[in-house]
Amino acid sequence: MRQPLSRELSNLLERGRDRQLRLAVTGLSQAGKTAFLTSLVNQLRHAGVEARLDLLPAAREGRLLGAQRLNQPDLGVPRFPYDPGMAALRDTPPRWPEPTRGISELRLQLRYRPARSGWLTPEIAHLTLDLFDYPGEWLLDLPLLQHDFYSWSQAQALHEGEQRRGLFSEWLAAVEQLDPAGEADEAQLAALAEEYAQGLRRAKKAGFSDLQPGRFLLPGELEGAPVLQFFPLPQLDTSQHNTSRETLEALPANSLYATLAARFRYYQQQVVKPFYRDHFRRFDRQIVLVDVLGALNAGPERFEDLSRALRQLMHSFDYGQRSLLTRLFAPKIDRLAIAATKADHVTPDQHGHLVQLLEALLAEPLKDLRFANVPVKALSLAAIRATEAREVTHEGKRSPALRGTTLENEEVLVYPGDVPARLPAADFWQQQGFDFPGFRPMQTTSEALDHIRMDAAIDWLIGDKLT
Ligand code: GDP
């Protein structure tokens, strides 16, 4: 009698439990999203055999049995390119996976043995994990929702910073000649919008991050669409034209000002909002990746720019009562991780400082998140480890070093420098305290990718669902 009842109850329990989780990975481009997601899928698929996941109790205790790919439920979202990524890493010489450029998805089913046993607990349980990856640049568009075209034009920071202004000089010179009241010329608008987008791309390449609109950098499926043919009018805050808001808003629909303003509104309503409504709102958990070390390597103006971009990006996770997002939708992310990526670019003794620097960089948003009671954890990791930690002896003194192969195929032994534990002051930059090359992934024969603290990240993001 007892056997069938027990099976029935455990089936019931199985169905009733929270068995599904939507986990999203984001970060500005080059932050390491593609590498992270490739490694995450790889570690879970090889959990229980080759993967080294000691900081994840379910794996350490031998309860995580592995993961299988399933067909994803959202047919409109591209599949995350796991196989091509792994093929690149297994190539001779190994290559980094080709970065993804829009949103993508992969569904895994995890099999594990629950920690607690009892006659009501199933012997084997499953967790369906929907993994998403999307560009952090898209989140930079959130503040754009609280502007109209007039205030957005004014808010654009193009005039700040000499280096940045230099990247937009031709576009600025052309746009400042435009009369907002003049009739819009389609071809001219398209050409200037393209020039603006090129300026944003140049700025991105030069290491700047605080760039809007986000889709100009990573258009996804909108490449070449007229909705992306607008740009701010930076001259609105100068008195060169009669540019009071009232005068401008009374201009006819075919004027330059009204045309740009209409496209700006369309972009808000048809591009930015649907991403939040259709995807963002449905994520349960989120990890935000930050290339802190890359910004340190790139110098003070870009480091400051990263800090500004992150403050903006993090607004998407601030669910305080009066936040813009809470007013728009009710997001449900109940756990957040913030990770400094590529930790294998510095020696292990610097990893503590790396987390402290990340916390300092995000001090304000972290305070807001904790105040809003969103559990958040900061950590440092390397999704795919490309260096080995070594020790060198110089004049009788032992010091840490890294060994790796550069992207130019040169074997090197380096000490990249000390990571400051606080936001770097002027003297840090003057001393040029930090310098490292890009490394190639290591050649490996193991099925599981070598990593640093991926297990800690996995534990924070899904560990509680594997008990
Ligand atoms: P995405 O644009 O955010 O998807 O970034 P990617 O995942 O493509 O990473 C950008 C680049 O950063 C890669 O091509 C690698 O050169 C480097 N990278 C990413 N993850 C790691 C890592 O764990 N270790 C090292 N050494 N480099 C990494």
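Residues numbered from 1 in each chain as written. Predicted model: local features only at pLDDT ≥ 70, side-chain atom pairs only at ≥ 80, totals over all residues. Heavy atoms only, no water.

**Details of the site of the ligand**
Neighbouring the ligand are 17 residues, the closest being Gln30, Lys33, Thr34, Ala35 and Asp344. His345 places a side-chain nitrogen or oxygen 3.5 Å from a nitrogen atom of the ligand. Between the ligand and Ala383 there is a distance of 3.1 Å, counted from an oxygen atom to a backbone nitrogen or oxygen. Protein burial of the ligand: of its 570 Å² of free accessible surface, 91% is covered by the chains. Residue composition of the shell around the ligand, by class: 9 nonpolar, 5 polar and 3 charged. (Near = heavy atom within 4 Å. Polar contact = N/O pair within 3.5 Å; in protein donor to acceptor, adjacent residues only side chain to side chain. Areas by Shrake-Rupley, 256 points an atom, 1.4 Å probe, with all protein chains shown as cover. Nonpolar A, V, L, I, M, F, W, Y, C, P; charged D, E, K, R; others polar.)

**Some details on the domain arrangement of the protein**
In terms of domain boundaries, the protein breaks down into domain 1 (18–138 + 278–386 + 444–466) and domain 2 (146–275). Between domain 1 and domain 2, the buried area comes to about 2,100 Å², and carbon and sulfur atoms account for 53% of it. Three residues stand out in domain 1 for area buried against domain 2, namely Trp138, Glu301 and Arg302, and they jointly supply 33% of the buried area on that side. For the pair domain 1 and domain 2, the number of links is 3 salt bridges. The salt bridge involving Arg308 is made with Asp210; its shortest N-O contact spans 2.9 Å. Along the contact surface separating domain 1 from domain 2 lie 12 residue pairs in polar contact (both at pLDDT 80 or more). Listing elements by their share of the side of domain 1 that touches domain 2, those giving two or more residues are β4 (125–135), α13 (300–314) and α14 (324–328). Here the side of domain 1 that touches domain 2 gets 7 residues from one element, more than from any other, and that element is α13. Among the residues forming the side of domain 1 that touches domain 2, the class breakdown is 11 nonpolar, 3 polar and 7 charged. (Domains from an automatic or database assignment. Buried area = accessible area lost by both parts, 1.4 Å probe. Salt bridge = Lys/Arg side-chain N within 4 Å of Asp/Glu carboxyl O. Helix = DSSP H or I, 4+ residues; strand = E, 2+ residues; numbered from the N terminus.)

**Section: the side chain of His451**
Relative to the elements of secondary structure, His451 occurs in the loop between α17 (426–430) and α18 (454–462). Relative accessible area serves as the criterion here: at 3%, His451 is assigned to the buried category. Polar contacts involving the side chain of His451 include one to the main-chain carbonyl oxygen of Arg52, which spans 2.7 Å. Excluding residues within four positions of it along the chain, His451 makes contact with Gln43, Arg52, Leu53, Ala382, Ala383 and Arg385. (Buried < 20%, exposed > 50% of the residue type's maximum accessible area, 1.4 Å probe, protein only. Contact = heavy atoms within 4.5 Å.)

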